[in-house]
Amino acid sequence: MNGATPRRRPRGPAVVLVTGVARYLGAQVAARLAADPRIGRVIGLDSEEPPAESAILLAGGVEFVAADITTTEPAKIIASERVEAVVHLAVAGDRRAGGRPAMKEQNVIGTMQLLAACQQAPHLRKIVIRSSTAAYGASFRDPAVFTEDTEPREVPRGGFARDVLDIEGYVRGFLRRRSDVAATVLRFAPFIGRRANTSLTRYFALPLVPTVLGRDPRLQFIHVDDALEVLHRSVVEDHPGTFNVAGAGVITLSQAVRRANRVAIPVTEQGLSAAAGMARSGVKFSLDQLDLFVHGRVVDTSRLIREYGYTPLSTSDAFADFLRGTGAGGIVPEDAIGAAERTILGGIRAARAALRGAS
């Protein structure tokens, strides 16, 4: 209508705190928020100093604070800086120094401490939590597609999946005490893309890819750029609730291996992790990932697309971008095949020996 007053863009939070900024995802999210004129200040928090590449990115407007989320330090920062939104990305899906105990302390104890701090923060009005589709577990009893309302059919075996379930339970408890705060829980499928560097992307870069004998699971991925966009929108827009975040469609493990021009080597379930680890690639699978490669997992994303008005790249397109960015897809050299065969066979023998010793 002529003469109508143009609509103003909604004001974002005046102060946003982002945890886990020493890692790629946290640094990227913090930097994007700092560049958004709707956001006032962005504080980046981590117990570790960011590596050089992330430090350069954060220097563009993110105020870095060294603090451990498993302590009461974040509470002081949230209160003194009058934080209005918290983006919790310090949720580790891979084992870091200290192994499983350190991982659980960061994920579970860290989230408990952070939510306790948020509960006492009068200016807080929004929290955004990184979760994972691992919350659904993976078993032979799974439905064809998980929605956000589907409960796990079995308690997940993996530590990360159990951590995620604990984290989401703590968020629900927090909301019962602070109903004035909007919470967005994002259950991400495994990240992929040319800039993703995870055990999954390293797995698909192996010359020979060990797979579980007799299994061809359906897999779903989310491009890391789409994950960043959804996280950004969760802060500057209002989308309370729980959302599956994944690319549409599926790709079977055998299709992924063929598209990467790799050769699949079927092994027993017990030999998969040992075989991959013996390839000197830094690939070591958790129980969560092992179960994924046996049973697969597919989630429904209609709620995300409807509520956010945003459609991520399909799983197939996201995987194709990963292949373009890494140079995967070329012919595997014969000497690389021979070396990989020897290391994978060594892993199988080691796994068999371990099983005989345990029996």
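See above for the structure.
An account of the accompanying structure is given in this report. (Residues numbered from 1 in each chain as written. Predicted model: local features only at pLDDT ≥ 70, side-chain atom pairs only at ≥ 80, totals over all residues. Heavy atoms only, no water.)

A few words on the nonpolar core. Residues Val 16, Val 18, Leu 33, Val 87, Leu 186, Phe 188 and Leu 231 are the most contacted members of the largest nonpolar core, which totals 36 residues. Mapped by element, the contributors of at least two residues to this core are β1 (15–19), α1 (24–34), β4 (85–88), β6 (182–188), α7 (224–236), β11 (241–245) and α11 (302–308). Examining the composition of this core, we find that six residues originate from one element, α7, more than from any other. If near-sequence neighbours (up to four positions away) are discounted, Phe 188 is found in contact with Arg 130, Ser 131, Ser 132, Thr 133, Ile 222, Ala 227, Leu 231 and Val 245. Ile 69, Ile 78, Leu 124 and Ala 134 belong to the second-largest nonpolar core, a separate cluster that totals 32 residues. (Core = buried A, V, L, I, M, F, W, Y, C linked by side-chain atoms within 4.5 Å. Buried < 20%, exposed > 50% of the residue type's maximum accessible area, 1.4 Å probe, protein only. Helix = DSSP H or I, 4+ residues; strand = E, 2+ residues; numbered from the N terminus. Contact = heavy atoms within 4.5 Å.)

Let us look at the pattern of salt bridges. Under the definition given, this model contains 17 salt bridges. Among the salt bridges present, the one from Asp 163 reaches Arg 100, with a minimum N-O distance of 2.7 Å. Within this pair, whereas Asp 163 is found in helix α5 (residues 159–177), its partner Arg 100 is found in helix α4 (residues 99–119), the two being separated by 63 residues in sequence. Per residue, the accessibility class of Asp 163 equals that of Arg 100, and both read buried. A salt bridge links Asp 321 to Arg 194; its shortest N-O distance comes to 2.8 Å. You can see Asp 321 sitting in helix α12 (residues 315–326) and its partner Arg 194 sitting in the loop between β7 (191–192) and α6 (199–204), a full 127 residues away along the chain. Using a relative accessible area of 10% as the deciding quantity, one classes Asp 321 as buried. (Salt bridge = Lys/Arg side-chain N within 4 Å of Asp/Glu carboxyl O.)

Locating Thr 19 in the fold gives a position in strand β1. Taking the relative accessible area as the measure of exposure, Thr 19 reaches 0% and is therefore buried. Looking at Thr 19, its side chain comes within polar contact range of the main-chain nitrogen of Ala 90, at 3.1 Å. Not counting chain neighbours up to four residues away, the residues in contact with Thr 19 comprise Leu 45, Ile 69, Val 87, His 88, Leu 89, Ala 90 and Leu 114. (Polar contact = N/O pair within 3.5 Å; in protein donor to acceptor, adjacent residues only side chain to side chain.)

Take the packing of aromatic side chains next. Per the counting criterion, the structure on display carries nine aromatic pairs. Considering the side-chain rings of Phe 243 and Tyr 308, the 5.2 Å spacing of their centres and the 90° angle between planes classify their relative orientation as edge-to-face. Separated by 65 residues along the polypeptide, Phe 243 in strand β11 and Tyr 308 in helix α11 bring together distant segments of the chain. Relative accessible area serves as the criterion here: at 2%, Phe 243 is assigned to the buried category. When its relative accessible area of 4% is taken as the criterion, Tyr 308 is described as buried. Members of the aromatic cluster, joined through ring pairs, are Tyr 203, Phe 204, Phe 221, Phe 293, Phe 319 and Phe 322. (Phe/Tyr/Trp six-rings, centres within 6.5 Å; stacked < 30°, edge-to-face > 60°.)

So, about the side chain of Glu 148. Considering the arrangement of structural elements, one finds Glu 148 in the loop between β5 (126–132) and α5. A relative accessible area of 8% places Glu 148 in the buried class. In this structure the side chain of Glu 148 is engaged in a polar contact, spanning 2.9 Å, whose partner is the backbone nitrogen of Asn 244. In contact with Glu 148, not counting residues within four places along its chain, are Tyr 136, Arg 187, Thr 242, Phe 243, Asn 244, Asp 300 and Arg 303.

Using the criterion set out here, one finds two cavities of 30 Å³ or more in the structure. Approximately 60 Å³ is the volume found for the largest cavity. For the lining of the largest cavity, the class distribution of residues is seven nonpolar, two polar and one charged. There is about 40 Å³ of room inside the second largest cavity. Taken together, Ala 134, Gly 137, Ala 138, Pro 156, Arg 157, Gly 158, Ala 161, Asp 288, Asp 291 and Arg 297 make up the full set of residues lining the second largest cavity. In terms of residue class, the lining of the second largest cavity is built from four nonpolar, two polar and four charged. (1 Å grid on protein atoms, 1.4 Å probe; cavity = no way out; pocket = protein on both sides within 12 Å on 5 of 7 lines; lining within 4 Å. Points joined across faces, edges and corners; volume = space filled by probe spheres on them. Nonpolar A, V, L, I, M, F, W, Y, C, P; charged D, E, K, R; others polar.)

A separate point is the sheet that holds strand β3 (residues 62–66). Ordered by their spatial adjacency, seven strands build an open sheet running β3-β2-β1-β4-β5-β6-β11, and the pairing between neighbours is parallel. Strands with a single pairing partner mark the edges of an open sheet, and in this sheet they are β3 and β11. If you compare each strand with its neighbour and ignore which way they point, the axes differ by 20° on average. In terms of strand pairing, β4 meets β5 through four bridges, oriented parallel. Across the sheet, His 88 pairs through a bridge with Ile 129, a residue of β5. This element, helix α3 (residues 73–80), spans β1, β2 (41–46), β3 and β4 of the sheet and lies at about 175° to β2. Where α4 meets the sheet, its contacts fall on β1, β4 and β5, and the angle it forms with β4 comes to roughly 175°. (Pairing = 2+ DSSP bridges. Axes fitted to C-alpha atoms, helices over the stretch in contact; angles between N-to-C directions.)

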